[in-house]
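# Understanding the architecture of this molecule
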Amino acid sequence: MKSLEELKKIRERVQGQINLREDNDEKQTRVVVGMATCGIAAGARPVLNKFAELVQEKGLNDVVVTQTGCIGMCRFEPIVEVYKAGEPKVTYVHMNADKAAEVVEKHLIRGQIVSDYVIPEV
């Protein structure tokens, strides 16, 4: 059994990893990972964890990583949607942890959409 102090440390660590604020700050970027059953089965949990880890590690204070339920496109799972103020939503598909790291570096930091991972036109 964990002590109260150990539990507090775990809580602080986890809260820093995944920021589930309901902020509507217009300058804030939101990274939304589809975590319905199909997304989890396709590997969305490591994607969510990688985004949360890198956003915290790189000090991206204007980026919030959240999760959602079904996005409605099961065949493209894991799906990540990036919402940046003043820009159209970008939907990344067939994601994994390595692709997530690339999206953080290129899209979230440099502002370059990683077109290889963007949803194809249907």
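A few points on the structure. (Residues numbered from 1 in each chain as written. Predicted model: local features only at pLDDT ≥ 70, side-chain atom pairs only at ≥ 80, totals over all residues. Heavy atoms only, no water.)

Looking now at the packing of helix 3 (residues 44–57) against helix 4 (residues 97–109). At a minimum axis distance of 8 Å, the contact between helix 3 and helix 4 shows a crossing angle of 40°. Of the two possible hands of crossing, helix 3 and helix 4 adopt the one that is right-handed. Counted together, Pro46, Val47, Lys50, Phe51, Leu54 and Val55 of helix 3 and Ala97, Ala100, Ala101, Val103, Val104 and Leu108 of helix 4 form the full contact between these two elements. The class makeup of the residues in the contact of helix 3 with helix 4 is 11 nonpolar, no polar and one charged. (Axes fitted to C-alpha atoms, helices over the stretch in contact; angles between N-to-C directions. Helix = DSSP H or I, 4+ residues; strand = E, 2+ residues; numbered from the N terminus. Left-handed = near helix turned anticlockwise from the far one by under 90°. Contact = heavy atoms within 4.5 Å. Nonpolar A, V, L, I, M, F, W, Y, C, P; charged D, E, K, R; others polar.)

Right, let's get into the pairing of strand 3 (residues 80–83). Sheet analysis places strand 1 (residues 29–34) next to strand 3, joined by four bridges and oriented antiparallel. Counted as the bridge partner of Val32 is Glu81 from strand 3. Across three bridges, the pairing between strand 3 and strand 4 (residues 90–92) is antiparallel. Along strand 4, the bridge assignment pairs Val80 with Tyr92. In this antiparallel pair of consecutive strands, strand 3 and strand 4, the connection spans six residues, and Gly86 shows a positive phi of 75°. (Pairing = 2+ DSSP bridges.)

All right, on to the sheet that holds strand 1 then. Sheet strands line up and pair through hydrogen bonds in the backbone, either parallel or antiparallel. Strand order in the open sheet made by the four strands is 2-1-3-4, with mixed pairing throughout. In this open sheet, the two edge strands, each paired with only one partner strand, are strand 2 (63–68) and strand 4. Across this sheet, the average inter-strand angle for adjacent strands is 20°, counted without regard to direction. Contacting strand 1, strand 2 and strand 3, helix 3 runs over the sheet at an angle of about 165° to strand 2.

Everything listed is a geometric property; what it means functionally is a separate question.
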